[in-house]
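Here is how the chains run, residue by residue.
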Amino acid sequence: MPNPPNFGEPLPDLFTAGQPAPADLEALKARGVKTVIDLRDPMEPRSFDEPALVRELGMNYLNVSVRQGALDDAVMDATLDAIRQSEGLPLLLHCASANRVGGVLIPYFMIDKGMAEEDAVAAAMKVGLRGADLLEWALEYTQRKTGG
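Residues numbered from 1 in each chain as written. Predicted model: local features only at pLDDT ≥ 70, side-chain atom pairs only at ≥ 80, totals over all residues. Heavy atoms only, no water.

Student: Quick question: what am I supposed to make of the overall build of the chain here?
Tutor: Helices and strands together make up the secondary structure of the chain, namely six helices and five strands. In sequence order, the chain lays out its α and β elements as β-β-α-β-α-β-α-β-α-α-α. Scaling as 2.2 N^0.38, a compact globule of 148 residues should have a C-alpha radius of gyration of about 15 Å, and the chain matches this with 14 Å. Viewed in the frame of its principal axes, the chain has a C-alpha envelope of about 45 × 30 × 25 Å. For the chain, the residues scored as buried account for 50% of the 148 residues in total. Relative to all contacts within the chain whose residues are 6 or more apart in sequence, the contacts with residues 24 or more apart total 70%. Surface accessibility of the chain: about 7000 Å² in total, with carbon and sulfur atoms responsible for 51%. Where the 14 positive side-chain charges of the chain centre and where its 22 negative ones centre are 3 Å apart. (Helix = DSSP H or I, 4+ residues; strand = E, 2+ residues; numbered from the N terminus. Rg over C-alpha atoms; globule rule 2.2 N^0.38 Å. Buried < 20%, exposed > 50% of the residue type's maximum accessible area, 1.4 Å probe, protein only. Contact = heavy atoms within 4.5 Å. Areas by Shrake-Rupley, 256 points an atom, 1.4 Å probe, with all protein chains shown as cover. Lys, Arg positive; Asp, Glu negative; His and termini not counted. Charge placed at Lys NZ, Arg CZ, Asp CG, Glu CD.)

The structure is reproduced here in structure tokens:
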């Protein structure tokens, strides 16, 4: 059973977490995960070569860097595109703590899954969202994209 920080499954086949360990990735592979989307900047320190291990395990590895000072529409668009490309297949979306994961999931929950803002924010907080800056970015992005 995978046990990374803040591990969850907010939607069927959408797993969320903080930084997984190698054993977590192996357990997720056994649970059918096909793609790992890493929201950490490639320069953030890791204790192992995650892209190499994910590929060695036969899963797809995608990296979209979500970081302070670069929270713009292009980053959100890239993240949502990565999630949408994997829709219907088991997917792990992670960062270091799941804070960024929660932030990028708000527009996905609202635009793609039709959740109300209050429900999307509650689900994102349950996933691990803690940053007000990420919450604001996600809600402003969603308003711009939906005209609301």
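Student: Which parts of the structure should I look at to understand the side chain of H94?
Tutor: Summarising the element assignment, H94 is placed in strand β5 (residues 91-94). Side-chain polar atoms of H94 contact the side chain of E50, separated by 2.6 Å. Sequence-distant contacts of H94, that is, excluding residues within four places in its chain, are made with A17, G18, Q19, P20, V36, I37, D38, L39, R40, E50 and V101. (Polar contact = N/O pair within 3.5 Å; in protein donor to acceptor, adjacent residues only side chain to side chain.)

Student: Could you clarify how one ought to interpret the nonpolar core in this entry?
Tutor: Within soluble globular proteins, side chains that are nonpolar tend to cluster in buried spots. With 33 residues, the main nonpolar core has L39, I83, L93, V101, L105, I106 and Y108 as its most contacted residues. Counting only elements with at least two residues in this core, the list comes to α3 (73-85), β5, α4 (99-112), α5 (117-127) and α6 (132-146). Once residues within four sequence positions are removed from consideration, L105 is found in contact with P10, L14, T16, I83, L93 and V127. One finds F15, A17, L25 and L53 within the second-largest nonpolar core, a separate group that totals 13 residues. (Core = buried A, V, L, I, M, F, W, Y, C linked by side-chain atoms within 4.5 Å.)

Student: Can you walk me through α5 in this structure?
Tutor: Since the α-helix packs 3.6 residues into each turn, any two residues three or four apart lie on the same face. Residues of α5 that are buried: A120, V121, A123, A124 and V127. Buried residues of α5, viewed axially, fall in a sector of 160°; they line one side. Exposed side of α5, more than 90 degrees from the buried face: E118 and K126 are the residues found there. (Arc of directions from axis to C-beta.)

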